Amino acid sequence: MKYISGLIIVFFMVILSGCSTNRIFSHAVKQGIVIDGNYDDWQGVKPFLVKDPPFLVASANASDYLFLVLRSNDATFMRQLRMFGFTLWLNKDKSTGLELPTRFRAQNKREEAAYRTNRQKMRGPGIPLHSGDFFLRAYPFKEQTPLSALPRFAIASGYQNGINTIEFKIPILKKGVSGYGVRIHNGKIFIGLQWKMTSVNKMRRMGGTVRRGRGGMGREGNDGYRPRKQRMIREENLWFTILLDN
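Presented here is an overview of the structure given in this document. (Residues numbered from 1 in each chain as written. Predicted model: local features only at pLDDT ≥ 70, side-chain atom pairs only at ≥ 80, totals over all residues. Heavy atoms only, no water.)

Focus on the pattern of salt bridges
Then comes step 1: Taken as a whole and assessed by the stated rule, the structure comprises 3 salt bridges.
Then comes step 2: Here Lys-174 and Asp-64 are joined by a salt bridge, their closest N and O atoms 4.0 Å apart. Within this pair, whereas Lys-174 is found in the loop between β11 (163–173) and β12 (182–183), its partner Asp-64 is found in the loop between β4 (55–61) and β5 (65–72), the two being separated by 110 residues in sequence.
Then comes step 3: Overall, the relative accessible area of 42% leaves Lys-174 in the partly exposed class.
Then comes step 4: The partner of Arg-234 in a salt bridge is Glu-236, with the nearest N and O atoms 2.7 Å apart. (Salt bridge = Lys/Arg side-chain N within 4 Å of Asp/Glu carboxyl O. Helix = DSSP H or I, 4+ residues; strand = E, 2+ residues; numbered from the N terminus. Buried < 20%, exposed > 50% of the residue type's maximum accessible area, 1.4 Å probe, protein only.)

See below:
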């Protein structure tokens, strides 16, 4: 389905990057973190810096919950997270994750019209995210569960002083207890972030206007070639080892 009149072709390229695991030290907090998109609760918690694209990740933990925060002042990165979606994986085998669905691909004309209407709004840095925007992905179930139906989870975002903040509250599952959340393995929790990034390249194709001159038929402009835009979408995966502070 075309979104920009005949000029953009979308190609999906899966590139498994960021496979190395990054270590994050989680700070124990007695009162927990209020999930409201405000960074004030995270004062004193040391964040981990991801350089490309630039964003910060920090973690805190209470007895029953893991808290995560993602922050960035890179407007392009945060905008593409909203438009193309992302998944926060809760285990290494990718059997459970929190997914923000992509808003770029429409399934019918009605959805495409809604996409065009809201595209500029989605680009705004201050558009908040909350639990109702996310779904729980759980293998082998094909139907996704709205995260708003699972009260133990919470997600919220905020924007202040040019910085976007996304907060997550995730249940910690005790040994022998079933349900959805993260599990502790030898004092560690493994979390993965999967997202898509885009770039636009120019390619050349046959084209031009046919005209008749004294020398006969010929094409005008760039020897019969016209530039064409090609949007490349690559998938990124980044894993974190969270070391819990008791």
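Overview of the nonpolar core
Then comes step 1: Within the largest apolar cluster, 36 residues are counted, with the highest numbers of intra-cluster contacts made by Phe-55, Leu-98 and Phe-168.
Then comes step 2: Looking at this core, the elements that each hand over two or more residues are β4, β5, α1 (75–84), β6 (86–89), β7 (96–100), β11, β13 (188–206) and β16 (225–244).
Then comes step 3: No other element matches the 5 residues that β13 contributes to this core.
Then comes step 4: Aside from chain neighbours lying at most four places away, what touches Phe-168 is Ile-35, Leu-66, Phe-67, Leu-68, Phe-86, Leu-88, Leu-98, Phe-134, Ala-154 and Ile-155.
Then comes step 5: Ile-33, Ile-35, Ala-58 and Tyr-65 belong to the second largest nonpolar core, which has 13 residues in total. (Core = buried A, V, L, I, M, F, W, Y, C linked by side-chain atoms within 4.5 Å. Contact = heavy atoms within 4.5 Å.)

Things to note about empty space enclosed by the protein
Then comes step 1: Evaluation of the coordinates by the stated rule reveals 1 cavity of 30 Å³ or more.
Then comes step 2: Estimates place the volume of the largest cavity at around 100 Å³.
Then comes step 3: Lining the largest cavity, in full, are Ile-24, Val-57, Leu-68, Val-69, Leu-70, Leu-88, Phe-168, Ile-191, Leu-193, Phe-240 and Ile-242.
Then comes step 4: Counting residues per element, the ones that place at least two in the lining of the largest cavity are β5, β13 and β16.
Then comes step 5: In terms of residues, the lining of the largest cavity owes the most to one element, β5, which gives 3 residues. (1 Å grid on protein atoms, 1.4 Å probe; cavity = no way out; pocket = protein on both sides within 12 Å on 5 of 7 lines; lining within 4 Å. Points joined across faces, edges and corners; volume = space filled by probe spheres on them.)

Such coordinate-based values are descriptive only and should not be taken to indicate function.
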